[in-house]
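Per-entry structural report
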Amino acid sequence: MSHVRLDALSKVYGSNAPAVDDLTLTVERGEFLALLGPSGCGKTTTLRMIAGLVPPTGGTITVGGADVTSLPPYRRNMGLVFQNYALFPHMSVADNIAFGLEMRNLPRSEQTSRIAEALAMVRLEGYEKRRPRELSGGQQQRVALARALVIRPDVLLLDECLSNLDAKLREQMRIEIREIQRRLGITAIFVTHDQVEALTMCDRVALMDRGRLAQVGTPEDVYERPANRFVANFVGRINVMRGEANGASLAVAGAPVAVANAPRTQGTVDVMVRPHRMTIRPEDVAAAAGENRVSGTIGRIVYIGDVIQVAVDTPAGPLVAERTTTGPDWHTLAVGQRVAVAWSAADTLVFPPEAR
Amino acid sequence: MKPTGPVLRLVVALVYGFILIPIVIVLAVSFSADNYIVFPPSGWSLRWYGTLLATPTLFEAFRVSVMLAALVTVLALACGMPAAFLIARHRFRGRDALFGFFTAPLLLPTLVLALALLLAFHPWGLAATVPGLVLAHLTVTLPFVIRILTTAFANLTPDVEDAAATLGARPFTVFRRVTLPLVVPGLIAATALAFLLSFDETVISLFISGPRLQTLPVAVYHYVERRTDPAIAALSALMITGSIAIVVLVERMVGLMRAVGR
Amino acid sequence: MSLLRRPGMLWLALPATAVLLFTYVAPMFGLARMSFNRTLPGGAMQPDWTLATYAEMAADSFNLELTLNSIQLSFTATTFALLLAYPVSLFLFRTESRFRSLLAIIAIGPLLVNGVVRVFGWIAVLGDRGLVNSALLALGLVSEPVRLIYNWTGVTIGLTESLLPYMVLALLAGFGRLDREVEAAAMSLGARPWRVFVRVTLPLSLPAIVLGWLICFILAMSAFVTPKLLGGGRVFVLATQVFEEAVDTVNWPLAAALSVYMLVLLLLFLGAYGALTRRVER
Ligand SMILES: Nc1ncnc2c1ncn2[C@@H]1O[C@H](COP(=O)(O)OP(=O)(O)OP(=O)(O)O)[C@@H](O)[C@H]1O
Ligand SMILES: [Mg+2]
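For the structure given in this document, a descriptive report is provided here. (Residues numbered from 1 in each chain as written. Chains lettered and ligands numbered in written order. Predicted model: local features only at pLDDT ≥ 70, side-chain atom pairs only at ≥ 80, totals over all residues. Heavy atoms only, no water.)

1. Considerations on the nonpolar core
Proteins that are soluble and globular tend to have nonpolar side chains buried together. B:Phe102, B:Phe207, C:Leu92, C:Leu171 and C:Phe224 are the most contacted members of the largest nonpolar core, which has 169 residues in total. A per-element tally of this core places helix H3 (residues 56-89) of chain B first, with 15 residues. When near neighbours in sequence (up to four residues on either side) are disregarded, B:Phe207 contacts B:Leu111, B:Ala114, B:Leu115, B:Leu118, C:Phe243, C:Ala246 and C:Val247. Counting 91 residues, the second-largest nonpolar core is a separate cluster that includes A:Leu23, A:Met121, A:Val143 and A:Leu162. (Core = buried A, V, L, I, M, F, W, Y, C linked by side-chain atoms within 4.5 Å. Buried < 20%, exposed > 50% of the residue type's maximum accessible area, 1.4 Å probe, protein only. Helix = DSSP H or I, 4+ residues; strand = E, 2+ residues; numbered from the N terminus. Contact = heavy atoms within 4.5 Å.)

2. Brief notes about the site of ligand 1
All names here are of chain A. What surrounds ligand 1 is the set Tyr13, Ala19, Ser39, Gly40, Cys41, Gly42, Lys43, Thr44, Thr45, Glu160 and His193. Here a nitrogen atom of ligand 1 sits 3.4 Å away from a polar atom, N or O, in the side chain of Tyr13. Isolated, ligand 1 exposes 640 Å² of accessible area, and the fraction of that covered by the protein chains is 58%. By residue class, the composition of the shell around ligand 1 is 3 nonpolar, 6 polar and 2 charged. (Near = heavy atom within 4 Å. Polar contact = N/O pair within 3.5 Å; in protein donor to acceptor, adjacent residues only side chain to side chain. Areas by Shrake-Rupley, 256 points an atom, 1.4 Å probe, with all protein chains shown as cover. Nonpolar A, V, L, I, M, F, W, Y, C, P; charged D, E, K, R; others polar.)

3. Observations regarding the interface of chain A and chain B
Each partner contributes to the interface: chain A provides 23 residues, whereas chain B provides 17 residues. Summed over both partners, the interface of chain A with chain B buries about 1,800 Å², with 65% contributed by carbon and sulfur atoms. At the surface where chain A touches chain B, the tally comes to 3 salt bridges. Across the salt bridge formed by B:Asp159 and A:Arg48, the nearest N and O atoms sit 3.7 Å from each other. The interface formed by chain A and chain B contains 6 residue pairs in polar contact (both at pLDDT 80 or more). Every element with two or more residues in the side of chain A that touches chain B is listed here: helix H1 (43-51), strand S6 (78-81) and helix H2 (93-103) of chain A. Tallying contributions element by element places H2(A) first for the side of chain A that touches chain B, with 4 residues. Split by residue class, the side of chain A that touches chain B holds 15 nonpolar, 3 polar and 5 charged. (Buried area = accessible area lost by both parts, 1.4 Å probe. Salt bridge = Lys/Arg side-chain N within 4 Å of Asp/Glu carboxyl O.)

4. Here we look at the sheet that holds strand S1 (residues 4-11) of chain A
Residues and elements named next belong to chain A. In spatial order, the strands read S2-S1-S4-S5; together these 4 strands make up an open sheet with antiparallel pairing. Only two strands of the sheet have a single neighbouring strand rather than two, namely strand S2 (20-27) and strand S5 (66-67). Here S1 runs beside strand S4 (residues 58-63); their pairing, made up of 5 bridges, is antiparallel. Looking at the pairing, Val4 lines up with Val63 of S4. (Pairing = 2+ DSSP bridges.)

Nothing here speaks to function; it is geometry throughout.
Shown next as structure tokens:
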């Protein structure tokens, strides 16, 4: 049975468009779920509804089989880590961590041992007496994490808590958080607008678009099998071509294109292919069976270290292909050269264009 | 790049001289042995402090002023704190209007306010009474307290309170353990300034008080109006010392400039 | 927090609202009402709805003189206060000195010292046998004391000092827009300190100057203790006249009418000033 369950959850602020709209989602016990989406799509609102800080305007929230929708935050036992950490500025690190234990009237001796345990877990031993303003951003973040974890919450909720850190520290904290979460076996929901963070840290990713759920699945699911145009666009880079569908057959720039699972639609569609699934071939070599290809001129080559990006101007529009720099032969490519861009039927995604 | 150049420093030093001179001279003259205000005095003595002790009207006025300031401070905080909390922490229609209503007396010329209070309080039998003076002083101290405390409450990020709630604190506990400690600097500043404001209030008191009920500034005003001798310098020195003591105390505790919101 | 954010907490404003309704809303209406009452020849006051008091006020040319005196005094003192407060505020805004907060407190010090006490201090400094005259006589620069108090000079000096802290606070608040980085940028582009001041610092602090000047002018127009005590009965402005009519002559309708006139004058001034600055900013 799932641990956290959101059922048709909605939030409308005043008379605005809904911030969260009919959201249904389950999180398994011990699972690490990412809530991913562009700014303003309702991630924080969802998280705060789970924590009990924002009352939903519709739907229910169930934790461990119990309906908590109308419980106040102080009865929910959720560990929330805020984007700006929200440490109590007038309390020491130890007092910050002790706060939740005090609220639970734990005996002093147990408080002391649990604080020590929590500090060890986030590797901040010896910082007990510091005030939050005497800590670096990363240290504050770890105190916030310790404060949320020390109460042994049912669910750990993290709101973009890595976005204030520098790239190096962020990477390190990703690993640490994941490691702690695994060790404690705690259910966690992690809000982020950083897709790399979501894909690399989490068991499953829930994508949100303007308050609605766009897709839930493993990182591989959302990357390889995006459910719709929004997901395909938001996760990873992708080439978009305009196509004409006619029943089972599809054409781009007048040429037929093979698709593994062709949608049975009619009219204009968007045909999408990831850059690293496109290869550059000499123009005069014949196409392999089931391979889609389009010819063009190299317009730009961008060197990014482990890969190069080759932008090719084709009748289907500008396309970007990515290839590794492992072999030496990539040097043979040059701007202005005529080449063919090829990709397989299996890597071709087709979506009806966005309804406007 | 140096933040301040020599020219700026010199000019600033001169202005500070201008600000400090009357205060320093008053302190010096209070130890004068002369019968008139002469500077430099021909000799030094403590006789004017003795004269002060032997002047019961000034003593009585001092007592009235302290009592009044204490009462006004307590009432201003009691009425001002909930109002400031409401304005800083709640969204409701007419919030700005309410804040405007509360702070409008700070924009009105004190003289006009004082006359209005006299005209209103006289028929109500409140002129030259303690309740009348308390209410009159509240007219300026209450708006002031509301303004300082609104800033103090507004500077608090609600996230910190939310964090406490998710950790299991009930609303009243959140207020007691998180909100209140964080606004203490503002509270201390508001208390001190309300006390000083009431203690030093002159114009409104001049209109409202009568011969039988005088505050210290009113008594000093009438004294200076009639004659000037070093006794008033001695009294002024004491008042200045009192103000400095309060300011230093507040500065030590919270940092006055920060609490005022600059 | 659910409880504290719940609507229907308007009762929190009740005590303050009740007090202020009683202590300034009702009295201000009463003041306006009083100005329409009639003063009988004996000096007694009779409730009425008449403009007689205003007519009397307008007919008295002394009131015009008072108005001009008030404006001139306020203008001079406010301008002096600005000239003195600007460098101090700039210094306080920029300094990294350990004594910054001490210096800031001294700058707003006059605010914390009773007005009557400050006046007394100026008497000790500027009086016939005060510091300045003693020095001038000792240096042989003058043969008899120069009159520095109980005239416009003394009142202007005293008023300037009492406006200083307000000006400093207003300027400091407005200096928020002033960015050291912008000044540094100007300097890196080759501007010498003086040019940086004229081209960057001053324009950026203009809104603060405007605000500070306005606040202080209004305070100066209604200042009463300083003109009364340092003027020694020889300096007449609107504020002293209101006190005179209210407390000495006990002609309340006239005092009220003068107050209303003063308020209207300030409002007109505010409007004109607002229109002027809007035009300048364009
Ligand atoms: N208290 C509020 N009152 C009114 N509207 C709000 C409130 N909080 C959020 N919203 C609106 O609800 C929508 C969703 O906001 P939310 O904070 O949940 O977005 P988010 O996905 O967390 O975005 P970000 O990545 O920028 O943090 C936004 O359009 C926002 O403007
Ligand atoms: Mg957010």
